[in-house]
Each structure stands twice: as C-alpha cells, then as structure tokens.
Amino acid sequence: NSEITELEKDLQLSGVEVELASSRTLITAFSLETSKFHHETEIRASVASRKNVLLTAESMGKIENIYVSEGQVVKKGQLLVSLNSEVVQNSIKEIKTQLNLATVLFEKQSSLWSQNIGTEIQYLQAQNNKESLDRKLETLKSQLKMSTIIAPFNGVVDKIVAKMGEFSQPGLPMLRLINPESNYLKADIPESLLGRFFVGDMVQIHFPNQNRSESSLISSIGQVINDQNRTFELEVAMPKVDFVVRPNQVVILRLVDYSNDEAIAVPSKLIQTDNRGSFIYVVEGKSDEKKASKAYVNTGYSFNDRTEIVSGLIEHQMVVDKGYRVLTQGALVEISVDK
C-alpha cells in the first residue's frame, strides 16, 4: 500500500491526473528569489583582415621578374615583382651626365659671380639649369620605383596572378598579400539592437568549421546605419587560437543584449495562458488551507529555459513547480518535499 501511495504521488507530480483518497493536489513549490538574469542574441559574423590586399602595377611594362612564390613569408619593403625599366634607366644615365656638366658650370659661374665677374643673368641661368636637371632626375627615379612592386607590410603571399613575360597595365592585380595577425571579426547588427552593446563588452565566439568556442571583446561599434539593410557594423578582436582561421570564414557571435542583476525569473514551462493572459500558479493561504491561485504576469526576455517576470510576482512568493499542469484556480494543495 505504501509503494502504491508513493507511485500515485510521483504520477501526480508528473502531471498525470490520479484519483487519490485525499482531496488535496500534491505539488512542489519554491520561494522566489531575485537573481542575475541575462539574454543573449546570436549574430552571424565573418573573419576579416585589415591587411588583405591585391597589389597592382603602377605603370605599363613587361613583367621581367617575380621574386616570390605563393605561401612565401615576406618582409615589409621586400621586392616582389619588377617590370622592364630599360628606357627609364637609360634616361636616368643621360640626365646624370647632363647634371654633372651643369653642376660644374654652376660652380664655376658661382665662383666668378662671387668675384663680380660676369653677369647676374649668367649666374641665374647656370643655377636654373642645374636645379631643373635635379628635378628631372628625381622624377625619373620615381618612375623607376613604379616599375617595381614592394611589400607594403610583413605578410604571406597568398596568390600570384602575374606571369613572367606578360604585359602589365596600371591597376591590374599582380598578387595578393595577407597578414593573418591583422584578422578581426566583423558583423552587421540589426538596427533594433542599437544601444545594446558597448566597446569592451564580452563576446562568445563559435567557430562552426572547427567546432570550437572562444571569448573576446567588442573593439569597435559603427556610428552609421546602413540605409540599404538597416544595420550597423560591429567589430570584435580576434582571440588567440591554436587552429587555422581564414578571412571570410563564417563564425557565430553570442552577445548579451540585456542584463538585470536583480531579476525575478522562473522556468519558462511554468507560464501558462488563458483568455486573460499569461499566469503562473502560486500558493496562498495558511498551512492547513493552502490553495493554488493564478497570478497573472507580464513577461520579459526568455533565455536558457528561464523567463524574466516584469510584473505580477514578488520576491519570496511561493510558486508551484511540479504538479502545476493538473491545478485549477482555488484547488487545495499539499506541498511535497521534492526528492
């Protein structure tokens, strides 16, 4: 008989209607306490890089040499590709010869002018001739630099498009250079979440391809709303990881968009609805006359099977847990000690 009684109690706590000798419904209940509650939202993001560039030619010319290979690590200032620059080099030699003569003539004319010999016009012409050739030489040197592609930063050669012997055009991609250390995470956040996040907030990051999760901080929040998709940009610092991450890889960000340190929250399953709205069964009355009563509530966010109660419940109020499914308004209840 005692075993049957225990089984009937277990069935009733599980929500199964059981006809017992007692007129009281067996339930369990707990006292409401304020606790920390937060809500998280998941945002799709991607890996981006501040140093992921296509290097292009600045001048026309035949590709003479390619000094690197794909996957090679290079240093800032390292020569990567050179174009045929024979014409410019010959022009530099010609100007240097003229400049040497112009320098000698200017020095002699300057010496004579200091002794009041000759005219001022002769002195100025010699000076102008020398300075003009100096400027032409600098221009040719600049043109010579345009016939080479130099690494703008430390990185890795990801892809080489150029081929030796081809004719390059200004703006035509030659090779891609990336620096993995400059990676960061970029996401477009809906306008509805504006003002929910701040620089320095913690972010949980999930890498689906590797099935790994890491944490980092928000490093930047965009100040402009994109009028095309009504989003603003959010950047998250790339955490240090021991696996390979590539630009444009998809990641999932979990950001806290709401937090309350003194919230009243209950298991979401306890919230029921009728024609008046949402309610939760609470226990009222003295020890001998405990009964169930509907407490109509206004709910807030729900997260991890818990829902914040904005109004309708107060701290230390007794809320029905097990057995709530078989209750009716005003039903007599007996609180069991949950094992």
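Refer to the structure above for everything that follows.
Source: prediction; values computed, not measured.

J.: Is there a simple way to explain the nonpolar core in this structure?
T.: Across soluble globular proteins, nonpolar side chains have a tendency to be buried as a group. By size, the foremost hydrophobic cluster in this structure holds 21 residues, and its most contacted members are Leu-234 and Leu-253. Those elements giving two or more residues to this core turn out to be β3 (35-49), β12 (183-190), β13 (202-207), β14 (212-221), β15 (231-237) and β16 (250-263). Filtering out sequence-adjacent residues up to four positions away, Leu-253 remains in contact with Thr-41, Glu-42, Ile-43, Ala-45, Leu-185, Ala-187, Val-203, Gln-204, Ile-205, Leu-234 and Val-236. The next biggest cluster of nonpolar side chains, apart from the first, holds 20 residues, and it includes Val-266, Ala-292, Ala-295 and Val-297.

J.: Can you help me understand the sheet that holds strand β21 (residues 298-303) in this one?
T.: Strand pairing within a sheet occurs via backbone hydrogen bonds; the two strands may be parallel or antiparallel. A sheet is described by the order of its strands in space; here three strands give the open sequence β17-β22-β21, paired in antiparallel fashion. Taken across any chain shown, the strands that pair with only one partner, and hence form the sheet edges, are β17 (265-267) and β21. With direction set aside, neighbouring strand axes in the sheet form an average angle of 35°.

J.: Just to check I follow, could you spell out the packing of helix α2 (residues 86-114) against helix α3 (residues 120-145) for this structure?
T.: Pairs of packed helices are described in terms of their axes, by the angle between the two and the distance that separates them. Across the interface, α2 lies against α3 with an axial gap of 8 Å and an inter-helix angle of 155°. Between α2 and α3, the angle falls in the class roughly antiparallel. In this structure, α2 crosses over α3, and the sense of that crossing is left-handed. Counted by class, the contact of α2 with α3 contains 14 nonpolar, ten polar and six charged residues.

J.: Would you mind showing me how to read the sheet that holds β14 here?
T.: If you trace the six strands once around the closed barrel, you get β3-β12-β15-β14-β13-β16, paired in antiparallel fashion. Each strand of the sheet is rotated relative to its neighbour by a mean of 40°, with strand direction disregarded. Sheet topology places β3 next to β12; five bridges connect them, and they run antiparallel. What sits directly across from Ser-49, in β12, is Asn-183.

J.: Before we go on, may I ask you to explain the side chain of Thr-307 in this structure?
T.: Tracing the backbone through its elements, the reader meets Thr-307 in strand β22 (residues 306-311). On the accessibility criterion, Thr-307 (3% relative accessible area) is buried. Side chain to side chain, Thr-307 and Ser-302 meet in a polar contact 2.7 Å long. Setting aside residues no more than four positions away along its own chain, Thr-307 makes contact with Ile-264, Ala-265, Val-266, Ser-268, Ile-271, Thr-299, Gly-300, Tyr-301 and Ser-302.

J.: Help me understand the pattern of salt bridges in this model?
T.: When the charged atoms of two side chains with opposite charge come close together, those side chains can pair. All chains considered together, the criterion is met by eight salt bridges. Across the pair Glu-235 and Arg-50 runs a salt bridge, and its minimum N-O distance is 2.6 Å. Of this pair, Glu-235 sits in strand β15 while Arg-50 sits in the loop between β3 and β4 (52-56), placing them 185 residues apart in sequence. Asp-134 is the salt-bridge partner of Lys-130, the closest N and O atoms lying 3.0 Å from each other. With Lys-130 and Asp-134 both in helix α3 and four residues apart, this pair spans about one turn of that helix. Among the charged side chains, a network of salt bridges with common partners joins Glu-40, Glu-42 and Arg-254.

J.: Would you explain the packing of aromatic side chains in this entry?
T.: The geometry of two aromatic rings is summed up by the distance between their centres and the angle between their planes. Following the criterion strictly, the structure yields five aromatic pairs and no others. Members of the aromatic cluster, joined through ring pairs, are Phe-279, Tyr-281 and Tyr-296. Directly above the aromatic system of Tyr-184 lies the positively charged group of Arg-50, at a separation of 4.0 Å from the ring centroid. Residue placement shows Arg-276 over the ring face of Tyr-296; its charged tip is 3.9 Å from the ring centre.

J.: Sorry, what's going on with α3 here?
T.: Each turn of an α-helix holds 3.6 residues, which means side chains three or four residues apart point in the same direction. Helix length check: α3 (26 residues) gives 38 Å between terminal C-alpha atoms against 38 Å at 1.5 Å per residue, within 8%. Turning to α3, its buried residues number three or more, namely Tyr-123, Ala-126, Leu-133, Leu-137 and Leu-140. As for α3, its buried residues are in contact with α2.

J.: Before we go on, may I ask you to explain the side chain of His-39 in this structure?
T.: Topologically, His-39 is positioned in strand β3. Separated by 2.8 Å, the side chains of His-39 and Asp-257 make a polar contact. Those residues in contact with His-39 that sit more than four places away from it in its chain are Leu-255, Val-256, Asp-257, Tyr-258, Tyr-301, Ser-302 and Phe-303.

J.: I tried to follow the environment of Thr-56 on my own but got confused; where do I start?
T.: If you trace the backbone, Thr-56 turns up in strand β4. In sequence terms Thr-56 and Pro-170 are 114 residues apart; their C-alpha atoms lie 6.9 Å from each other. Not counting residues up to four positions away in its chain, the partners in contact with Thr-56 are Ile-149, Gly-171, Leu-172, Pro-173 and Met-174.

Cut-offs applied
- Residues numbered from 1 in each chain as written.
- Predicted model: local features only at pLDDT ≥ 70, side-chain atom pairs only at ≥ 80, totals over all residues.
- Heavy atoms only, no water.
- Core = buried A, V, L, I, M, F, W, Y, C linked by side-chain atoms within 4.5 Å.
- Buried < 20%, exposed > 50% of the residue type's maximum accessible area, 1.4 Å probe, protein only.
- Helix = DSSP H or I, 4+ residues; strand = E, 2+ residues; numbered from the N terminus.
- Contact = heavy atoms within 4.5 Å.
- Pairing = 2+ DSSP bridges.
- Axes fitted to C-alpha atoms, helices over the stretch in contact; angles between N-to-C directions.
- Parallel < 35°, antiparallel > 145°, perpendicular 65-115°, else oblique.
- Left-handed = near helix turned anticlockwise from the far one by under 90°.
- Nonpolar A, V, L, I, M, F, W, Y, C, P; charged D, E, K, R; others polar.
- Polar contact = N/O pair within 3.5 Å; in protein donor to acceptor, adjacent residues only side chain to side chain.
- Salt bridge = Lys/Arg side-chain N within 4 Å of Asp/Glu carboxyl O.
- Phe/Tyr/Trp six-rings, centres within 6.5 Å; stacked < 30°, edge-to-face > 60°.
- Lys NZ or Arg CZ within 6 Å of the ring centre and 35° of its normal.
- Expected span 1.5 Å × (residues − 1).

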